[in-house]
Amino acid sequence: MSVTSAFEQNYRCYPVAFIEKAHLEKGDKVIMPPSALDRLAYLQIDYPMLFEVSNPTSGKITHCGVLEFIADEGMIYLPYWMMENMLLREGDIVNIKNASLSKGTFVKLQPHTKDFLDVSNPKAILETTLRSYSCLTTGDTIMVAYNNKKFYIDIVETKPSSAISIIETDCEVDFAPPLDYQEPEKPSKASISKKRPPEDQAEEETANKVPKFSAFTGSSRRLDGKPSTESIVEASSSLLKHHKPEANETNGSTPSSSSSRKHCGKLVFGSNGDQPSHATPKIETKQKEQSQEEQPKKGEETKFQAFTGKKYSLK
């Protein structure tokens, strides 16, 4: 750009609401005086016309487009959000220069509040709003009006330069987390492992209250109606103990009685002490006969035999 194509002028700034152009608050268009148009017509500048706006006091810089040249001489009307970004008040002096910006390829936005992400279609609303903008500058804060609300969004990053033109261009848009966004706190693992759910605690309490089942724990009953405190095992063992000696008596009654009777019934005198062992006295033979007669009697007591008595005839 040659020197003859440069445009630079100082103006006093006022909000667009002063000339009843409040609808311009939804974009970055400014109103300049007619003398600026006469000067620009003789210069070789790029169209659409873009300008650099700077505050000599604070050093803030932004960029904008122009809509009309109907302002009073020496004055310029700016959207109020632009004046806030530039730290300008009514009647302050601003410096205006023409600028040539490259077309943007990428822009990163950051909403001030997370309410903007809760709207039905934030992407469509943003596309509609940016149609009123001719350029974007890194560090600016733009305003998006929707459903009687004003959402402020910061321009975090722009590519390929810090100021880009968004007229008739495809630009990729990315969102950063809102300024008031807070990450949810993650519960600690120790508290999760120590605390058990109330359902498990209730099941454990009920399990402790309910007694465990144990079989055959009741008291035993006799068939004759008499109470018995002995268990089934003790009763069976006692029956076996009582039954065994009886069997021994029945099976081994002959040898035990005979042996006892042999020792008790044997009489030895002084004159017969030298007799041989095979010579048995008469007394011993009588005792043997008596023992043999007593054996069937004991057998009859232990075992019943039918029709074993004496027989009688009717004759």
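- Within an unreviewed UniProt entry, the label attached to the protein chain reads Ubiquitin fusion degradation protein 1-like, and the organism entered is Heracleum sosnowskyi.
- The UniProt entry for the protein chain carries the following text under Sequence similarities (unreviewed entry): "Belongs to the UFD1 family."

**Here's the deal with the nonpolar core**
In a soluble, globular protein the nonpolar side chains are often hidden away together inside.
At step 1: One finds Phe7, Met32, Phe51, Ile76, Ile96 and Leu136 to be the most contacted residues of the largest nonpolar core, which totals 40 residues.
At step 2: The contacts of Ile96, once residues within four sequence positions are left out, are Phe7, Glu8, Gln9, Tyr11, Met32, Phe51, Glu52, Val53 and Ile76.

**Details of the sheet that holds strand 9 (residues 141–146)**
At step 1: A sheet is described by the order of its strands in space; here 4 strands give the open sequence 9-10-7-12, paired in mixed fashion. Each edge of the open sheet is held by one strand with a lone partner, namely strand 9 and strand 12 (172–175). Averaged over all pairs of adjacent strands, the angle between their axes in this sheet comes to 35°, without regard to strand direction.

**Some words on the packing of aromatic side chains**
At step 1: Tallied over the entire structure, the rule returns 6 aromatic pairs.
At step 2: On the numbers, 5.8 Å between centres and 45° between planes, the contact of Trp81 with Tyr133 is tilted. Taken together, the residues Trp81 in helix 2 (residues 80–85) and Tyr133 in the loop between helix 3 (122–130) and strand 8 (135–137) connect sequence positions 52 residues apart.
At step 3: Assessed through its relative accessible area of 6%, Trp81 is described here as buried.

**Here's the deal with a nonpolar patch on the surface**
At step 1: On the surface, Leu117, Val173 and Phe175 cluster together into a nonpolar patch covering about 220 Å² of accessible area.
At step 2: Along the chain, the position of Val173 falls in strand 12.

**Some remarks on helix 3**
At step 1: Among the residues of helix 3, those classed as buried are Pro122, Ile125, Leu126, Thr129 and Leu130. Across the axial projection of helix 3, the buried residues extend over an arc of 125°, all falling on one side.
At step 2: Contacts made by the buried residues of helix 3 are with strand 7 (106–111), strand 8, strand 9, strand 10 (149–159) and strand 12.

Reading guide: rules and limits
- Residues numbered from 1 in each chain as written.
- Predicted model: local features only at pLDDT ≥ 70, side-chain atom pairs only at ≥ 80, totals over all residues.
- Heavy atoms only, no water.
- UniProt positions renumbered as here; feature names shortened; annotations may be inferred.
- Core = buried A, V, L, I, M, F, W, Y, C linked by side-chain atoms within 4.5 Å.
- Buried < 20%, exposed > 50% of the residue type's maximum accessible area, 1.4 Å probe, protein only.
- Contact = heavy atoms within 4.5 Å.
- Pairing = 2+ DSSP bridges.
- Helix = DSSP H or I, 4+ residues; strand = E, 2+ residues; numbered from the N terminus.
- Axes fitted to C-alpha atoms, helices over the stretch in contact; angles between N-to-C directions.
- Phe/Tyr/Trp six-rings, centres within 6.5 Å; stacked < 30°, edge-to-face > 60°.
- Patch = residues over 30% accessible without salt bridge, like charges linked within 9 Å, V, L, I, M, F, W, Y side chains within 5 Å.
- Areas by Shrake-Rupley, 256 points an atom, 1.4 Å probe, with all protein chains shown as cover.
- Salt bridge = Lys/Arg side-chain N within 4 Å of Asp/Glu carboxyl O.
- Arc of directions from axis to C-beta.

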